[in-house]
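This is what each chain is made of:
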Amino acid sequence: MEDSDGVLSLQEYMNNVDHSSLPRILQVCSGVYFQGSVYEISGSEVCLSTGDLVKITSFELLSVSCEDISNNTTFELPLQHSGLFTLIPEDLPYSTIEEIAGLLPVGVDAFGSFTFFSKNEINVENLTVPAGTEMTVLSVELNNCGESFTRCRLIGQQEASAEVYIPFSCHGEFYECQNDRDYSLHEIMYSARLCKRRFCKAKPTKCGGPLFFSPIYQIQGIMHMRKNIVKFPSSLEVDVIDVTEQCKHLTFVTPLSLAEVATQPNEAFPTMAEILEEPEANGLFRCSWFKELQKGKHLLLHGCNKTHMVLACTPKGRKAQQYFLLSQGYGGQIRRRAREFSSVYEVYVAFSHSPGLRISVTKHCEEVEEEGVPALSVGEQLEVLRLQTANRSGDELGAPPSVDSLICKLIEDEDDDDDDNQSDKESEICLPLFTPANFVEKLSDKKKYGLAELCKNFSFPLDVKVVNHDKTLEKDPLAGLAALRLEDALEETTVLASLPNTPEQCFELPVRWLKMSFSFISDPIPLPDCENPEVHLQTVTEVTENFYHEYHKLTEKPMAPPPRPPKRKKLSLKPQKKHATPRDATQHVKSGPPTVKLDSTSLDQTKRRPPPPPPNETEELPPPLLPRKSVSDSLVIPNTYVKPPRKQLEKPHNSARNSSDSDHDYEPVEDILNSFDHIMFY
């Protein structure tokens, strides 16, 4: 910065400082401040007091301050503002072409957007450019003698164009023309020339005049004699002075992120460090040492290295799942455990990672001939051989053109009585990948492995059980688990640390998953004087479900979804009308529907009237119309909703009962009618 000795407002200083010259040391000269040197609101420093020294380490563009020159009002816009703005030409003339070239656009505002004209005619070699001719700068070039020229395009009256080379030394009275291009706020702020110009809205409105934009930065720095990293906006109303040259000898506490700690040379360890910024409250770890990572706490840092780890979890079940990060130095003994599969596709995925897979059927599967699914019985043993794609004929509606199937070898054991026939009878079966069947892996391996040996000899995922716990751990959280699934192997950059009161009990801080900062301090190291003190590493780190899902988001490769079964043909069956029989009609009467259809024979024999509707039926609804039926005596079914007199129902019912009891085995209708009458007139 040229005027480093002058007092400037913080906003003005940040608008003119060279970004490549950081870090810079500023001293606060004046400003409004509260009691104390730093006033903090919501984690950001909002006020500085006179005399404070701040070492600016970095800053980023936060928003844009817009000043309306017409009414001298200021407002703020976000950097992602969607509106467009038009450049306002400068009123003052340029005296030389070199002056124009010094203001040429760079970056987002490339050549071809700056147009000007001369008030007087220009004579260039054998060419005369008339006054008022618009010229667009295309490029800046050098000739063989080292002279600088601007290559310009001339626009004539009939839109004819030509090119001319005008030297930098050309003098005159040049004026900028109106630019037709519109700019976004992001383009303006990231252009060294545009950010210092005036603009107007691309869509003019009645209110509002020329606008001048100035950036508002989020400044990050270090306070002298303070360990905190401070963050404050450049819009604070304080005056500052640059004292970088005068304060070179001052020592500022240097905050280091965990990633920066991991890049320190081996000679820097072991060392004591103080936590300046603790991890976020919604952490990804559930282990005991994570609770100790609090602001102001001290840690003993032993070193950093690349650690091979395994992500593991308990199977889904009644209990809540647990998730772990296991270091390959885990000392427990592990035995492989049979995996369970709920579809042929899951078997295929496991087979693609570990060829030679053998499975056993755990649930009957019925044959579906049209889909090519064979029948499977419980206990059948299969050996997976290969994947095969079979082409289908296009006759089947909705069937895919090809179906992927798993070819398996079916192994059936014969009786052991006949020594000549003690060999296995083998045959191949074809299982489409979409088949929903249940299997369990067949394992004959009873060997105990270490975690590093499992990672070397087998591919993940892998179901295991810890049979002997790690004796170096005070409490092994894996010892009491019925099963454990090893999901994936990963390599993490870690920092080996321990608490000062237990310096030999170490744990690993994964750099990728912990956002925190430290400052190295000169406290004595609580370790014995020997060169290589014995330390015990906590090889099991319990993590949260958030960690598990975040890891898979970062590392999981997109996989094709499991295949879907082919669509089956839908049979269109027309409903057949069924004529009611006398027995059907009587059964309808027993259930009490509002309408009853009786056969003509039934009418002749019983001479009964249909029962009235149940008393709880809604009387407001109109009854359905019944079709008339012609019988031998031209009988017509009366309206069932007309309640007959009670005295007229008793005599014919008694006379009809004797004639109908011998022919029918159903309940007489008059009993139902009597029950309805009792209900209605009770």
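- As recorded in an unreviewed UniProt entry, the chain goes by CABIT domain-containing protein and comes from Ameiurus melas.
- Database annotation for the chain, UniProt heading Sequence similarities (unreviewed entry): "Belongs to the themis family."

1. Some thoughts on the pairing of strand β13 (residues 148-155)
Here is step 1 of the chain: Sheet analysis places strand β12 (residues 134-142) next to β13, joined by eight bridges and oriented antiparallel. Paired with V140 across the strands is T150, a residue of β13.
Here is step 2 of the chain: Counting the residues in the hairpin turn of β12 and β13 gives five residues, including G146, whose phi is positive at 85°.
Here is step 3 of the chain: In the sheet, β13 pairs with strand β14 (residues 161-167) via seven bridges, with the strands oriented antiparallel. Bridge pairing links C152 to V164 in β14.

2. Some words on the layout of surface pockets
Here is step 1 of the chain: Taken as a whole, the largest pocket holds about 1200 Å³ of empty space.
Here is step 2 of the chain: In terms of lining residues, the largest pocket is bounded by 33 residues, among which V349, P461, R485, E487 and Y548 are the most central.
Here is step 3 of the chain: The element that contributes the greatest number of residues to the lining of the largest pocket is helix α7 (residues 545-555), accounting for six residues.
Here is step 4 of the chain: Broken down by class, the residue content of the lining of the largest pocket amounts to 15 nonpolar, six polar and 12 charged.
Here is step 5 of the chain: Its volume calculated, the second largest pocket comes out at about 620 Å³.

3. Observations concerning the sheet that holds strand β8 (residues 94-96)
Here is step 1 of the chain: Across the sheet, six strands lie side by side as β8-β15-β9-β12-β13-β14; this open sheet has antiparallel pairing. In this open sheet, the two strands that pair with only one neighbour each are β8 and β14. Ignoring strand direction, the axes of neighbouring strands in this sheet form an average angle of 40°.
Here is step 2 of the chain: For strand β9 (residues 115-118) and strand β15 (residues 171-176), the ladder comprises three bridges, and the chain directions are antiparallel. Across the sheet, the residue bridging to F116 is E176, located in β15.

Cut-offs applied
Residues numbered from 1 in each chain as written. Predicted model: local features only at pLDDT ≥ 70, side-chain atom pairs only at ≥ 80, totals over all residues. Heavy atoms only, no water. UniProt positions renumbered as here; feature names shortened; annotations may be inferred. Pairing = 2+ DSSP bridges. Helix = DSSP H or I, 4+ residues; strand = E, 2+ residues; numbered from the N terminus. 1 Å grid on protein atoms, 1.4 Å probe; cavity = no way out; pocket = protein on both sides within 12 Å on 5 of 7 lines; lining within 4 Å. Points joined across faces, edges and corners; volume = space filled by probe spheres on them. Nonpolar A, V, L, I, M, F, W, Y, C, P; charged D, E, K, R; others polar. Axes fitted to C-alpha atoms, helices over the stretch in contact; angles between N-to-C directions.

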